[in-house]
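Coordinate inspection notes
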Amino acid sequence: MSSTPLASRVSRAAATALAPDPGPCRDPGCARHAGTHQYPPFPTGRSSGAVFGESVAEAWYRSGGSRLDIPAGIVAALALWPIKTPGAAHADALANYIAAQPPRVLVRGFAECFASHWNLRPDLMDRAWPLFGWTEEELSPTQLSGVQAVTQAALRHGVLHHTGDVDAAARSRIDLMSWVITSLRHHESRRSIGEYHTPPDISDLMGAMLGAELPAVARPQGEWFIEATAGTGGLFRSMAQSLRAEGRDPASYGWVMTELDPLAAAGAAVNAVVWGLGPRAVVGCGDVLARADLDRDTLVHQRELVQHRDRLSELTGFAIASHTADRLLRELIASR
């Protein structure tokens, strides 16, 4: 994601964190100083997936947007929002707060949401990067206006109600990422790449058929499931719900999803977290016909990213310790 040496980035981050308070903040993306805590009631509801996707697409294109990654990334960030409560009881209050924030504050919040999940699942968030890379860009006024419009549309139609429940089964009733990505694509684009949304009823039927062919005794804990053309993971969503209906935990299984389209693969990575598929859910991106070992490469990618995250944690600790020691030494010399 960046050519800057990792150690230098960590060192600078540690220095910034340990620096004295610089006084009044003028960063327009700082929620603490630029955001608003005065917000009017914001009406929300729980729309169907089709209405949700169409509303997000309409808000984006009406505001002059053209890219797909920005509106899809907004929905992904809101779906990943770390606050989860029983029955998504917090959804209305949180929607009121988020909907009132200025665009630059929203962008910063979405970036920090991605970063917090990267720390937990670096492999999935690395795959989801096509949905979040724009948060590091200098967006145009038109794009910023679109960010606010899409955020409000997603909140109004219940993204937090759909994905804010502490129960993973409740968060798995719908594939918002598929509805949004499909709705954002123009009809000609969908036809040219052969991408169409699989209705949830069809996914549920396919999941039930697979379950009938594979009785519970044939699906012991630890079993791996592989989907070579996963899209955003709709079939696995249905299979996970079927396992829950049998009293089984989907996180006890392995889920390997591979997909040719980077944006759909990114949506699958987000869904793997939202749906609670567990630590052995992995997503690969590539052509399974040209790369026979794509599923194996995906598992290797997971291990490498986890090791990278662990090294980063060690570097962070070392950088903070070094800066702390240096500061204490300078204070000691100054006092003599």
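Throughout what follows, the structure given in this document is the object of discussion.

Definitions and cut-offs
- Residues numbered from 1 in each chain as written.
- Predicted model: local features only at pLDDT ≥ 70, side-chain atom pairs only at ≥ 80, totals over all residues.
- Heavy atoms only, no water.
- Helix = DSSP H or I, 4+ residues; strand = E, 2+ residues; numbered from the N terminus.
- Expected span 1.5 Å × (residues − 1).
- Buried < 20%, exposed > 50% of the residue type's maximum accessible area, 1.4 Å probe, protein only.
- Pairing = 2+ DSSP bridges.
- Right-handed = clockwise from strand over helix to strand, strands pointing away.
- Polar contact = N/O pair within 3.5 Å; in protein donor to acceptor, adjacent residues only side chain to side chain.
- Contact = heavy atoms within 4.5 Å.

Attention now moves to helix α15 (residues 262–274). With 13 residues, α15 ought to run about 18 Å at 1.5 Å a step, and its terminal C-alpha atoms sit 18 Å apart, in line with that. Within α15, 11 of the 13 residues are buried, which leaves it mostly tucked inside the rest of the structure. Inspection of α15 places L263, A264, A265, A266, G267, A268, A269, V270, N271, A272 and V274 among the buried residues, and these make up the whole buried set.

On to unusual backbone geometry. Of note, the phi angle at A88 is positive, near 50 degrees, even though the residue is not glycine. Within the fold, A88 resides in the loop between α4 (69–80) and α5 (91–99).

Side chains F225 and E227 of strand β1 (residues 224–227) all project onto a buried face; the interleaved residues W224 and I226 project onto a face where none is buried. Relative to strand β2 (residues 254–259), β1 runs parallel, the two sharing 4 bridges. Its bridge partner lying in β2, I226 is registered against V256. In this region the chain leaves β1, passes through helix α14 (residues 234–245) and returns to the parallel neighbour β2; the handedness of that crossover is right-handed.

Relative to the assigned elements, N96 resides in helix α5. At 2.8 Å, the side chain of N96 and the backbone nitrogen of F42 are in polar contact. Discounting residues that sit within four places of it in the chain, N96 has contacts with Y39, P40, P41 and F42.

Keep in mind these values describe shape, not function.
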